[in-house]
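# Structural overview
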Amino acid sequence: IGPYKGGLRFHPSVNLSIIKFLGFEQIFKNSLTGLPIGGGKGGSDFDPKGKSDNEIMKFCQSFMTELYRHIGPNVDVPAGDIGVGGREIGYLYGQYKRIRNANDQGVLTGKGLTYGGSLARTQATGFGIIYFVEEMLKEAGKTINGQTVVISGAGNVAIYAVKKAQELGAKVVAMCDSSGYIVDEDGIDLPLVQQIKEIERKRIKEYAVRKPSAKYFEGNKGIWTVKADVVIPCATQNEIDLNDAKIIVENGTFAVGEGANMPCTNEAVEYFLEKGVLLAPAKAANAGGVATSALEMSQNSMRLSWTFEEVDEKYDNYKQRVHRKNFYLRNGLQEMGFKYVEKDVKYEMLYVGKKLSSKVYDELMVAYAGPVYHKFRDYQADELID
Ligand code: GLU
């Protein structure tokens, strides 16, 4: 259905197993967008934390010196993920261009606007999560307006989720990074978070030093003890386990929106569903980022740049499609998915990869993902599912 598409992750925890699960997630997520993108994922256990710009540049260049032979605008198109943002994409693209000596802008997405990037890509993942959560709440006769919200993380996804939640009238009271979390009962001062994280690249701890109404707590687990109506995990996989889910439910949270890739463990998902918590699953809720990446690729192919409104309009189409129940029925995989997951088709079918047995999952993957899946088959699908 299109070139492999997904982010690159630079984080010390990266290993084959993590990239494999992210790749699987990406296949389903990308298929939901209905856009011409297959799924893929990549990365390195390189730790960017504490590294200078120059060190980051050198790593990106070395990484691309090998990666360039495996990717291309019609082959595999990486973007960012944890530890890879606009700066890294710039260094990676520079090296790719140096090696290939060609204007292959479509080889990476999340690029700067001066060399083929798309308006709205930076905001897309975070905004998309809140749009999805708001749709889900609307169906339940609620809205995010006036709700107290906890959003974990402090990267690109979390920052723009906070922005959109605040724009829609929510009060965001807590955020975190991998060292600890902050609680600000006055509501998170987002420009201050952006100054600390995006410009100074410091720890979230700094926020409490500069904002008297805020408290900092060491370790990020405690963020789930902060009382909230809506919880949006935007940090990383498995950040909410069963124990956290119990605390969240006890605190009266009625909706959870998965911003990160698979942030809730299977046990946590089951617990939320059992307790009637509304759950926006990552594969649908965070697909706005990669959907806008696909729009960036289209612009690169056309050698045109759309206005924000043009991108937004197309993005809106995608949004509506992801929400329309019968959209899921459009292709083979999703039809098969429906057969096995009968209850609450709208949300549960998205968990198709987690809830089906490995044999059925295997069949689905071969039927749908074809060549991409064959790449992964050797790695034993069973590990992922049962
Ligand atoms: N890393 C993001 C994701 O998990 C974005 C991928 C992309 O834009 O290709 O979907």
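In this convention, every chain numbers its residues from 1, walking through the sequence in written order. Where local features are concerned, this predicted model is filtered to residues with pLDDT of at least 70; where side-chain atom pairs are given and counted, the filter is 80 or more; whole-chain, interface and lining totals use all residues. Side-chain measures here rest on the full set of heavy atoms in the structure, leaving out hydrogens and waters.

## Concerning the pattern of salt bridges
Pairing between side chains of opposite charge can happen when their charged atoms approach one another. For this document, the term salt bridge refers to a Lys or Arg side-chain nitrogen within 4 Å of an Asp or Glu carboxyl oxygen. Across all of its chains, the model carries 18 salt bridges by this definition. Put simply, Asp53 and Arg87 hold a salt bridge, and the shortest N to O gap is 2.6 Å. Remark: Arg87 occurs in helix H3 (residues 86-100) and Asp53 occurs in helix H2 (residues 53-67); sequence separation between them is 34 residues. Salt-bridge contacts for Glu66 lead to Arg69; the nearest nitrogen and oxygen are separated by 3.3 Å. Runs of E in the DSSP output that reach at least two residues are strands. Runs of H or I that reach at least four are helices, and both are numbered from the N terminus.

## Section: H3
In this scheme, a helix's expected span is set at 1.5 Å multiplied by one less than its residue total. If you check H3, its first and last C-alpha atoms are 21 Å apart, about what 15 residues at 1.5 Å a residue would give, namely 21 Å. Partly exposed describes any residue whose relative accessible area lies between the buried limit of under 20% and the exposed limit of over 50%, with all areas from a 1.4 Å probe on protein chains only and scaled to the type maximum. By the burial criterion, the buried members of H3 are Arg87, Glu88, Ile89, Leu92, Tyr93, Gln95 and Tyr96. Just downstream of H3, Asn101 is the residue with a positive phi angle, here 50 degrees.

## A look at the nonpolar core
We define the nonpolar core as a collection of buried residues of types Ala, Val, Leu, Ile, Met, Phe, Trp, Tyr and Cys that are connected through side-chain atoms lying within 4.5 Å of one another. Ranked by size, the top nonpolar core spans 45 residues in total, and within it Ile151, Met175 and Ile232 carry the most contacts. Per-element tally for this core: the top contributor is helix H4 (residues 121-139), with 8 residues. Those residues in contact with Ile151 that sit more than four places away from it in its chain are Ala158, Ala161, Val162, Ala165, Val172, Ala174, Met175, Cys176, Ile223, Ile232 and Cys234. Core analysis: the second largest hydrophobic core is formed by 22 residues, Ala174, Trp224, Val231 and Val269 among them. Working rule for contacts: check all heavy atoms of both residues, and any pair within 4.5 Å makes them a contact.

## Quick look at the sheet that holds strand S2 (residues 42-44)
Strand pairing is defined by DSSP finding a minimum of two bridges between the two strands. Spatially, the 3 strands line up as an open sheet ordered S2-S1-S3, and their pairing is parallel. At either end of the open sheet lies a strand with only one pairing partner, and these are S2 and strand S3 (76-80). Between one strand axis and the next, the sheet turns by 25 degrees as a mean value, whatever way the strands run. Bridging between strand S1 (residues 4-10) and S3 involves 5 bridges; their strand directions are parallel. When the sheet's bridge partners are listed, Gly6 is paired in S3 with Pro78. As a rule, the C-alpha atoms of each element are fitted with a line to give its axis, helices using only the stretch in contact, and angles between N-to-C directions run from 0 to 180 degrees.

## Looking at the confidence of the model for the chain
pLDDT runs from 0 to 100 and stands for how confident the predictor is about each residue. When pLDDT is averaged along the chain, the result is 83, and 82% of the positions lie at 70 or above. Under a pLDDT of 50 for its full length, residues 324-361 has, in the predicted model, 83 contacts with residues more than four places off or in other chains. pLDDT under 50 marks residues 364-386. Its contacts with residues more than four places away, or in other chains, come to 48 contacts.

## A closer look at the site of the ligand
Close to the ligand lie 13 residues; Lys5, Lys29, Gly80, Asp81 and Ser293 are nearest. Interatomic distance of 3.1 Å between a side-chain N/O atom of Gln26 and an oxygen atom of the ligand. Here a polar contact is recorded for every N or O atom pair within 3.5 Å, except that within protein the pair must consist of a potential hydrogen donor and a potential acceptor, and residues adjacent in sequence are included only if both atoms are side-chain atoms. The side chain of Ser293 places a nitrogen or oxygen atom 2.6 Å from an oxygen atom of the ligand. Protein chains shield 95% of the accessible area of the ligand, which is 300 Å² for the free molecule. Any residue with at least one heavy atom within 4 Å of a molecule or strand is counted as near it. Residue burial considers only the protein chains on display, and all accessible areas are found by Shrake-Rupley using a 1.4 Å probe.

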